[in-house]
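Here is what each chain is made of, one letter per residue.
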Amino acid sequence: VLTSLYEGFPSVLVEAAILQVPICALKVPHGVDEIVYEPSNTPEELEKDISKVLTDESYKMLKVNFQNKILKEKFNNDRNIKKWLEVINECLSDR
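Per chain, residue numbering runs from 1 following the sequence as it is written. For a predicted model such as this one, the threshold for reporting local features is a pLDDT of at least 70, and the threshold for listing and counting side-chain atom pairs is 80 or more; totals across whole chains, interfaces and linings nevertheless cover every residue. Think of the side-chain values as coming from all heavy atoms in the structure, minus any hydrogens and water.

Here helix α1 (residues 11–18) crosses helix α4 (residues 57–74) at 110°, and the two axes come no closer than 9 Å. By the criterion of interaxial angle, the relationship of α1 to α4 is roughly perpendicular. Of the two possible hands of crossing, α1 and α4 adopt the one that is left-handed. Where α1 approaches α4, its residues Val 14, Ala 17 and Ile 18 are matched on the opposing element by Gln 67, Asn 68 and Leu 71. Residues of the contact of α1 with α4, tallied by class, amount to 4 nonpolar, 2 polar and no charged. Note on definitions: angles span 0 to 180 degrees between N-to-C directions of axes, and those axes are lines fitted to C-alpha atoms, for helices only across the stretch in contact. A run of H or I in DSSP becomes a helix once it reaches four residues, and a run of E becomes a strand once it reaches two; helices and strands are each numbered from the N terminus. When an angle is under 35 degrees it counts as roughly parallel; over 145 it counts as roughly antiparallel; between 65 and 115 it counts as roughly perpendicular; any other value is oblique. Each helix crossing is assigned a hand: it is left-handed if the near helix lies turned anticlockwise from the far helix by less than a right angle, otherwise right-handed if that turn is clockwise. Residue contacts follow a heavy-atom distance rule, with two residues in contact if any of their heavy atoms lie within 4.5 Å. Under this grouping Gly is polar, as are all residues other than the nonpolar Ala, Val, Leu, Ile, Met, Phe, Trp, Tyr, Cys and Pro and the charged Asp, Glu, Lys and Arg.

Encoded structure:
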């Protein structure tokens, strides 16, 4: 559960997704939409989302499966290494 009203990039969500913990979070300006299945807009929605995860196994698995898909697409090592090398090479070429 992430109740922050602002995040740069919530790396704790990636860590939770790796552990296959269903994530419930408030929608904030940055980052949360990238990994959370339907983030909540209000504290009341967040409360309902948490309750649904705790009582509905199929909904819980829907969230976990969404997170797994996002991890594979956006946060895998090969992609991250490639992105870092692009940044490093760009910095070196600007010299």
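Next comes the rest of the account.
As a further point, take a positive patch on the surface. Each patch is built from residues lacking any salt bridge and having more than 30% relative accessible area; the joining distance is 9 Å for like charges and 5 Å for nonpolar side chains (Val, Leu, Ile, Met, Phe, Trp, Tyr). For the accessible areas, the method is Shrake-Rupley and the probe is 1.4 Å, while residue cover comes only from the protein chains on display. A pairing counts as a salt bridge when a side-chain nitrogen of Lys or Arg comes within 4 Å of a carboxyl oxygen of Asp or Glu. Positive charges come from Lys and Arg alone, negative charges from Asp and Glu alone, with His and the N- and C-terminal ends not counted. Think of each charge as sitting on NZ of Lys, CZ of Arg, CG of Asp or CD of Glu. Positive charge collects at one region of the surface, where Lys 74, Arg 79, Lys 82 and Lys 83 lie side by side. The element contributing the most residues to the positive patch is helix α5 (residues 77–93), with 3 residues.

The geometry of an aromatic ring pair is captured by the separation of the ring centres together with the interplanar angle, meaning the angle of the planes. Geometry of aromatic contacts follows a simple scheme: Phe, Tyr and Trp rings, the Trp one being its six-membered ring, pair when their centres are within 6.5 Å, and the pair is stacked under 30 degrees between planes, edge-to-face over 60, tilted otherwise. Taken as a whole and assessed by the stated rule, the structure comprises 2 aromatic pairs. Consider the rings of Tyr 37 and Tyr 59, whose centres lie 6.4 Å apart with planes at 65°: the pair is edge-to-face. Separated by 22 residues along the polypeptide, Tyr 37 in the loop between α2 (32–35) and α3 (43–55) and Tyr 59 in helix α4 bring together distant segments of the chain. Given a relative accessible area of 9%, Tyr 59 falls into the buried group. An aromatic cluster of three or more residues is present, and its members are Tyr 37, Tyr 59 and Phe 66. In this scheme, the term charge over a ring applies when either NZ of a lysine or CZ of an arginine sits within 6 Å of the ring centre and within 35 degrees of the ring normal. For the cation-ring pair, Lys 52 lies above Tyr 59, with the distance from its terminal atom to the ring centre recorded as 4.4 Å. Relative accessibility thresholds used throughout: buried, under 20% of the residue-type maximum; exposed, over 50%; partly exposed, between the two (1.4 Å probe, protein chains only).

Time to look at the pattern of salt bridges. This structure, assessed with the given rule, holds 3 salt bridges. Between Lys 60 and Glu 57 there is a salt bridge whose closest N-O contact spans 3.9 Å. Highlighted residues: Lys 60 and Glu 57, both in helix α4, separated by 3 residues, approximately one helical turn. A salt bridge links Glu 73 to Lys 69, with the shortest nitrogen-to-oxygen separation between them at 3.7 Å.

Coordinates in, geometry out; function isn't part of it.
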